[in-house]
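These are the residues of each chain, in order.
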Amino acid sequence: MEKITIKSMTSSGNVAQTFSATLNPNSIKHNFGISYTNTGLQQQGDISPKTAFKGYESEKLSFELLLDGTGVTGNTSTNTVQKQLATLKKVTYAYNGEQHEPYPVVIAWGSSVSFRGRLTSISVTYSLFDSSGNPLRATVALSFTKFLTQKEKNALKKQSSPDLTHIIEFKAGDTLPMLCHKVYNDSSYYIEVARANHLISARQIKPGTKLYFPPLI
């Protein structure tokens, strides 16, 4: 049976350390999220404020691993819980002096799991001990957040996104609501844009005027 693996990766893309689970997790939780911002623009009678898309939140992956040192899983006495935990922490948690941070990791299991991220939390619960007090079984809860290189972030970032600043030259035939719809996909922002540009009137804008369209916050 294929086992779930966690591999720490160097900045050059090479594998630094590998942890291979003895027992696969019973379940894996993969979270996706979207952030919205309250624009503060609420018409009279609206039951809720208007919200606007802000961006995607980092994906998150979490699961639990059972580390067993009793021998019932086929482990030898040399593969103790302490050694398994030490290897797991070396892969996911240890500080790397060259990069001045822990390594990002790649988590893989069959065709269903392929996740590159960074460890955000690790929690160990010991549940069985020998007569000397050494742990024979431990449950390790692991949480990771998605990791992207700056190059990957730039590739995913669309320059038309409303969370970026825009400078647009006003041309004959343009209207401020029309430009707001182009930038924000919502023409109602023209009042805020007019205020940001200290315009006396949103209807009397001279062609050639450069307008500042602030990011949505």
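Heads up: these notes are all about the structure in this document. (Residues numbered from 1 in each chain as written. Predicted model: local features only at pLDDT ≥ 70, side-chain atom pairs only at ≥ 80, totals over all residues. Heavy atoms only, no water.)

1. A look at the overall build of the protein chain
Step number 1: Secondary structure summary: the protein chain contains four helices and 13 strands in total.
Step number 2: The 217 residues of the protein chain split such that 29% are buried.
Step number 3: Long-range pairs, those at least 24 residues apart, make up 58% of the contacts in the protein chain between residues at least 6 apart in sequence.
Step number 4: Carbon and sulfur atoms provide 51% of the accessible area of the protein chain, an area that totals close to 13900 Å². (Helix = DSSP H or I, 4+ residues; strand = E, 2+ residues; numbered from the N terminus. Buried < 20%, exposed > 50% of the residue type's maximum accessible area, 1.4 Å probe, protein only. Contact = heavy atoms within 4.5 Å. Areas by Shrake-Rupley, 256 points an atom, 1.4 Å probe, with all protein chains shown as cover.)

2. Here's the deal with the layout of surface pockets
Step number 1: Space inside the second largest pocket adds up to approximately 190 Å³.
Step number 2: Lining the second largest pocket, in full, are L23, N24, P25, N26, S27, K29, S62, F63, E64, L65, L66 and T139.
Step number 3: When residues in the lining of the second largest pocket are grouped by element, the largest group, five residues, is from strand β6 (residues 60–68).
Step number 4: Per-class residue counts for the lining of the second largest pocket are five nonpolar, five polar and two charged. (1 Å grid on protein atoms, 1.4 Å probe; cavity = no way out; pocket = protein on both sides within 12 Å on 5 of 7 lines; lining within 4 Å. Points joined across faces, edges and corners; volume = space filled by probe spheres on them. Nonpolar A, V, L, I, M, F, W, Y, C, P; charged D, E, K, R; others polar.)

3. Comments concerning the sheet that holds strand β9 (residues 105–109)
Whether parallel or antiparallel, the strands of a sheet pair through hydrogen bonds between backbone atoms.
Step number 1: Strand order in the open sheet formed by seven strands is β2-β1-β9-β10-β11-β6-β3, and the pairing between neighbours is antiparallel. Strand pairing shows two members of the sheet lacking a second neighbour, β2 (15–20) and β3 (28–31), which therefore form its edges. Ignoring which end each strand starts from, the neighbouring axes of this sheet average 30° apart.
Step number 2: Looking at chain direction, strand β1 (residues 5–9) and β2 are connected through five bridges and run antiparallel. Directly across from T5, in β2, lies its bridge partner S20.
Step number 3: Sitting on the sheet, helix α1 (residues 81–92) is in contact with β1, β2, β6, β9, β10 (113–129) and β11 (135–146), with an inclination near 10° to β11. (Pairing = 2+ DSSP bridges. Axes fitted to C-alpha atoms, helices over the stretch in contact; angles between N-to-C directions.)

4. Thoughts on a nonpolar patch on the surface
Step number 1: Taken together, the side chains of I34, Y36, F53 and Y56 present a nonpolar region at the surface, about 470 Å² in accessible area.
Step number 2: If you trace the backbone, Y56 turns up in strand β5 (residues 51–56). (Patch = residues over 30% accessible without salt bridge, like charges linked within 9 Å, V, L, I, M, F, W, Y side chains within 5 Å. Salt bridge = Lys/Arg side-chain N within 4 Å of Asp/Glu carboxyl O.)

5. A look at the nonpolar core
Step number 1: Judged by nonpolar contacts, the single largest core of 21 residues is most densely connected at I6, F19, F63, L65, I107, L142 and F144.
Step number 2: Setting aside anything within four residues of it in sequence, one finds F19 in contact with I4, T5, I6, L65, L67, Q84, T87, L88 and V91.
Step number 3: Core analysis: the second largest hydrophobic core is formed by 14 residues, I168, V193, I205 and F213 among them. (Core = buried A, V, L, I, M, F, W, Y, C linked by side-chain atoms within 4.5 Å.)

6. A closer look at the side chain of N24
Step number 1: Here N24 shows up in the loop between β2 and β3.
Step number 2: Taking the relative accessible area as the measure of exposure, N24 reaches 16% and is therefore buried.
Step number 3: Of the polar contacts made by the side chain of N24, one reaches the backbone oxygen of E2; its length is 3.0 Å.
Step number 4: Here the side chain of N24 touches I4 through a polar contact of 2.9 Å, landing on its backbone nitrogen. (Polar contact = N/O pair within 3.5 Å; in protein donor to acceptor, adjacent residues only side chain to side chain.)

7. Some words on unusual backbone geometry
Step number 1: Residues other than glycine seldom take positive phi values, yet N185 does so here, at roughly 65°.
Step number 2: Looking at where N185 falls in the secondary structure, it is placed in the loop between α3 (176–184) and α4 (190–196).
Step number 3: Here the phi dihedral of H198 falls at roughly 55°; this positive angle occurs in a residue that is not glycine.
Step number 4: Overall, H198 belongs to the exposed group, its relative accessible area being 72%.

8. Some remarks on the pattern of salt bridges
Step number 1: In this structure the tally under the stated criterion is two salt bridges.
Step number 2: In this structure, R137 engages D68 in a salt bridge whose closest nitrogen and oxygen atoms are separated by 2.7 Å. Of this pair, R137 sits in strand β11 while D68 is found in strand β6, placing the two residues 69 residues apart along the sequence.
Step number 3: Look at R137 and you get partly exposed, because its relative accessible area is 25%.
Step number 4: Given the relative accessible area of 2%, D68 is considered buried.
Step number 5: For the salt bridge of R118 with E101, the shortest nitrogen-to-oxygen distance reads 3.0 Å. Taken as a pair, R118 in strand β10 and E101 in strand β8 (residues 101–102) lie far apart in primary sequence, 17 residues in all.

Remember that the coordinates give geometry; whether it matters functionally is a separate question.
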